[in-house]
Each structure stands twice: as structure tokens, then as C-alpha cells.
Amino acid sequence: MQTNCYIFLKNVRFYAFHGVGAQEQITGNEFIVTLRLRIDASQAIETDEVSDTVSYADVYEAIKAEMAIPSRLLEHVGGRMVRRIFHDFPSVETIDLTLSKRNPPMGADIDTAGIEMHCVR
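A brief structural summary.

What follows is about the overall build of the protein. Scanning the protein from terminus to terminus reveals four helices and four strands. For the protein, the α and β elements follow one another from N to C terminus as β-α-β-α-α-α-β-β. Across its three principal axes, the protein shows a C-alpha extent of roughly 50 × 25 × 20 Å. Scored against the burial criterion, the 121 residues of the protein give a buried share of 39%. Excluding contacts between residues fewer than 6 apart, the proportion of contacts in the protein whose partners are at least 24 apart in sequence is 62%. Looking at the protein, you have 12 positive and 17 negative side-chain charges, and the mean spots of the two groups are 7 Å apart.

Shown next as C-alpha cells:
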């Protein structure tokens, strides 16, 4: 029996240096990442072994590494995260990713702005 399961990390905060403006690249900003990964959890349900699932701690380390690489566009950062997760975790079937920038420098009264991606292997 195949059992779809969603592994998620919700509202993970990072300080990073992504942005089109020169000031953003120097001073940085706070970013928020939410991930939802669909996997087949059939084996993990039976075995109770971490090796039969996707460790959210390992996923965190992967997105942390990608957030540390400055980019101008959030689309670029998100694309790198998706490629890395699909590469490092072959059992991930789909990825829903939200990447938001807190207080973006655009002269608006806004909490966050960002991107949402839905990717299928």
C-alpha cells in the first residue's frame, strides 16, 4: 500500500543577502521559508527507521546552505532549493515552497513579499 505523506518545515527564518538593490546585498534582510514535501511513507510506517523517510533536519541543512548563497532574485534561490532537494532526497515526489522577504524595500506597508513554487519531479 502506497501512503502519501507530507514532510514540512514551516516559517523557517534566515538572515541573508538576496535582493536586486545594492543596499539589500550589503545589509541583508530576514527571509522566511516554508516547505511541503510529498513522499511515499509506506516503508517508514512499517520500519520506524529514519533511513526510510526524509529527515526534516537534513532538509533544513540543505535549504540553509542555499540561503547562504546571495542571489538577486528569490526565484533563483527557490529554484536552487528545489533542485537541491530533488537531488539530495530521491524519494521526494513534489515540493511546495514559499520564500518570503520581510519588510521589502518598496515603500509599502507590507509584512512580506515573495514567491510560491509548486514543483513535481
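Looking now at the sheet that holds strand E4 (residues 112-120). The four strands are arranged E1-E2-E3-E4 in an open sheet whose pairing can be described as antiparallel. The open sheet is flanked by strand E1 (4-16) and E4, the only strands paired with a single partner. Between one strand axis and the next, the sheet turns by 10° as a mean value, whatever way the strands run. Across eight bridges, strand E2 (residues 29-40) lies against strand E3 (residues 94-102) in antiparallel orientation. The partner of Thr34 across the bridge, within E3, is Thr98. In this fold helix H3 (residues 56-67) packs onto E1, E2 and E3, with an angle of close to 35° to the strand it touches most, E1. Relative to E3, helix H4 (residues 74-88) is tilted by about 145°, and along the sheet it contacts E2, E3 and E4.

Computed from the structure, the largest pocket encloses a volume of approximately 150 Å³. Lining the largest pocket are Gly19, Val20, Glu24, Arg72, Leu73, Leu74, Glu75, Lys101, Pro104, Ala113, Gly114 and Ile115. Taken together, the elements giving at least two residues each to the lining of the largest pocket come down to H4 and E4. Per-element accounting of the lining of the largest pocket gives the leading share, three residues, to E4. The class makeup of the residues in the lining of the largest pocket is six nonpolar, two polar and four charged.

Another aspect to go through is the packing of aromatic side chains. Counted according to the given criterion, the structure contains two aromatic pairs. Ring centres 5.9 Å apart and planes at 10° place the aromatic pair Phe14 and Tyr60 in the stacked group. Residue Phe14 is located in strand E1, and its partner Tyr60 is located in helix H3; the two are separated by 46 residues in the primary sequence. Residue classification places Phe14 among the buried residues on the basis of a relative accessible area of 9%. According to the relative accessible area criterion, Tyr60 is partly exposed, its value standing at 29%. Taking the centre distance of 5.9 Å and the plane angle of 80° together, the rings of Tyr15 and Phe17 count as edge-to-face. By relative accessible area, Tyr15 is classed as exposed at 55%.

Counting residues in hydrophobic clusters, the biggest one holds 29 residues, and the most contacted among them are Val33, Met67, Ile85, Val92, Ile95 and Leu99. Only E1, E2, H3, H4, E3 and E4 provide two or more residues apiece to this core. Counting residues per element, this core draws most heavily on H4, at six residues. If we ignore the near neighbours within four places in the chain, the residues touching Leu99 are Phe31, Ile32, Val33, Met67, Leu74, Val77, Gly78, Met81, Ala113, Gly114 and Ile115.

Each value, and the rule that gives it
- Residues numbered from 1 in each chain as written.
- Predicted model: local features only at pLDDT ≥ 70, side-chain atom pairs only at ≥ 80, totals over all residues.
- Heavy atoms only, no water.
- Helix = DSSP H or I, 4+ residues; strand = E, 2+ residues; numbered from the N terminus.
- Buried < 20%, exposed > 50% of the residue type's maximum accessible area, 1.4 Å probe, protein only.
- Contact = heavy atoms within 4.5 Å.
- Lys, Arg positive; Asp, Glu negative; His and termini not counted.
- Charge placed at Lys NZ, Arg CZ, Asp CG, Glu CD.
- Pairing = 2+ DSSP bridges.
- Axes fitted to C-alpha atoms, helices over the stretch in contact; angles between N-to-C directions.
- 1 Å grid on protein atoms, 1.4 Å probe; cavity = no way out; pocket = protein on both sides within 12 Å on 5 of 7 lines; lining within 4 Å.
- Points joined across faces, edges and corners; volume = space filled by probe spheres on them.
- Nonpolar A, V, L, I, M, F, W, Y, C, P; charged D, E, K, R; others polar.
- Phe/Tyr/Trp six-rings, centres within 6.5 Å; stacked < 30°, edge-to-face > 60°.
- Core = buried A, V, L, I, M, F, W, Y, C linked by side-chain atoms within 4.5 Å.

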